[in-house]
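# Observations on chain architecture
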Amino acid sequence: MPRKSFSELIDSPGMPVLVDFFATWCGPCKTMAPILEQVAAQHGGKLRVIKIDVDRNQAVAQQYRVQSIPTLILFHKGQPVWRQAGVVAAPQIAQALRPFVEQ
């Protein structure tokens, strides 16, 4: 399967894409992993969650001005519509997703 570009990954028709910018050495990023799994499970089939390692994808991280990790950015129709740096609780993520998931 050919690798998709970042723009192809976030341009998911009709489905919001939540991107987790992380690094393998980042402690708070490890805290986010189970939270994101929970959010993905709650929105099964209506949300795509993608993890982007900032060390391996520096150009994408710079393009979206990711200065601290973890940073979550929600894309809808290829456009960033919400972002939050640091550890975010599942209910806060769900609230941000609500306008885009329940359409």
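Placed above this text is the structure.
Residues numbered from 1 in each chain as written. Predicted model: local features only at pLDDT ≥ 70, side-chain atom pairs only at ≥ 80, totals over all residues. Heavy atoms only, no water.

### Quick word on the side chain of H43
Using the following cut-off: In this text, helices come from DSSP runs of H or I with a minimum length of four residues, and strands from runs of E with a minimum of two, each type numbered from the N-terminal end. Polar contacts here mean pairs of N or O atoms no more than 3.5 Å apart (in protein, one a potential hydrogen donor and the other a potential acceptor; neighbouring residues in sequence count only if both atoms are side-chain atoms). A contact between two residues is defined here by any heavy atoms of the two lying within 4.5 Å.
Along the chain, the position of H43 falls in the loop between α2 (27-42) and β2 (48-53). Separated by 2.9 Å, the side chain of H43 and the backbone oxygen of V39 make a polar contact. In this structure H43 touches A94, L97 and V101, once residues within four positions along its chain are discounted.

### Comments concerning the pattern of salt bridges
Threshold: The rule for a salt bridge is simple: a side-chain nitrogen of Lys or Arg has to be within 4 Å of a carboxyl oxygen of Asp or Glu. Type-normalised accessible area, obtained with a 1.4 Å probe on protein chains alone, sets the label of each residue: buried when under 20%, exposed when over 50%, and partly exposed for intermediate values.
Evaluation of the coordinates by the stated rule reveals one salt bridge. Among the ionic pairs, K51 bridges to D20, the shortest N-O distance being 2.7 Å. Taken as a pair, K51 in strand β2 and D20 in strand β1 (residues 17-22) lie far apart in primary sequence, 31 residues in all. Classification of K51 by relative accessible area gives partly exposed; the value is 42%. The exposure class of D20 is buried, given its relative accessible area of 0%.

### Comments concerning α2
Short version of the rule: Every helix has an expected span of 1.5 Å times one less than the residues it contains. Consider a residue and the seven residues that end there alongside the seven that start there; fitting an axis to each set, the bend is the angle between those axes.
Between its first and last C-alpha atoms α2 spans 24 Å; for 16 residues at 1.5 Å apiece the expected length is 22 Å, and the two agree. Maximal helix bending in α2 amounts to about 25°, located at A33; proline P34 follows within four positions. Where α2 is concerned, the buried positions are C29, M32, I35, L36 and V39. As for α2, its buried residues are in contact with β1, β2, β3 (71-76) and α4 (90-101).

### Here we look at the environment of P80
Assignment of secondary structure puts P80 in strand β4 (residues 79-85). Classification of P80 as partly exposed rests on a relative accessible area of 45%. Note: C-alpha distance between P80 and V60 (20 residues apart in sequence) is 13 Å. Among residues more than four places away in sequence, those in contact with P80 are Y64, I73, L74 and F75.

### Examining the pairing of β3
The cut-off we apply is this: Any two strands are treated as partners once DSSP identifies two or more bridges connecting them.
Of all six residues making up β3, six are buried, and the element is well covered by its neighbours. Alternating residues of β3 divide into T71, I73 and F75 and L72, L74 and H76, and every residue in both groups is buried. Pairing geometry for β1 and β3, over five bridges, is antiparallel. In the strand pairing of β3, V17 is matched with F75. Summarising the sheet, β3 and β4 pair through six bridges and their orientation is antiparallel. Note on β4: the bridge partner recorded for L72 is Q84.

In short, the description is geometric, and any link to function would need to be established separately.
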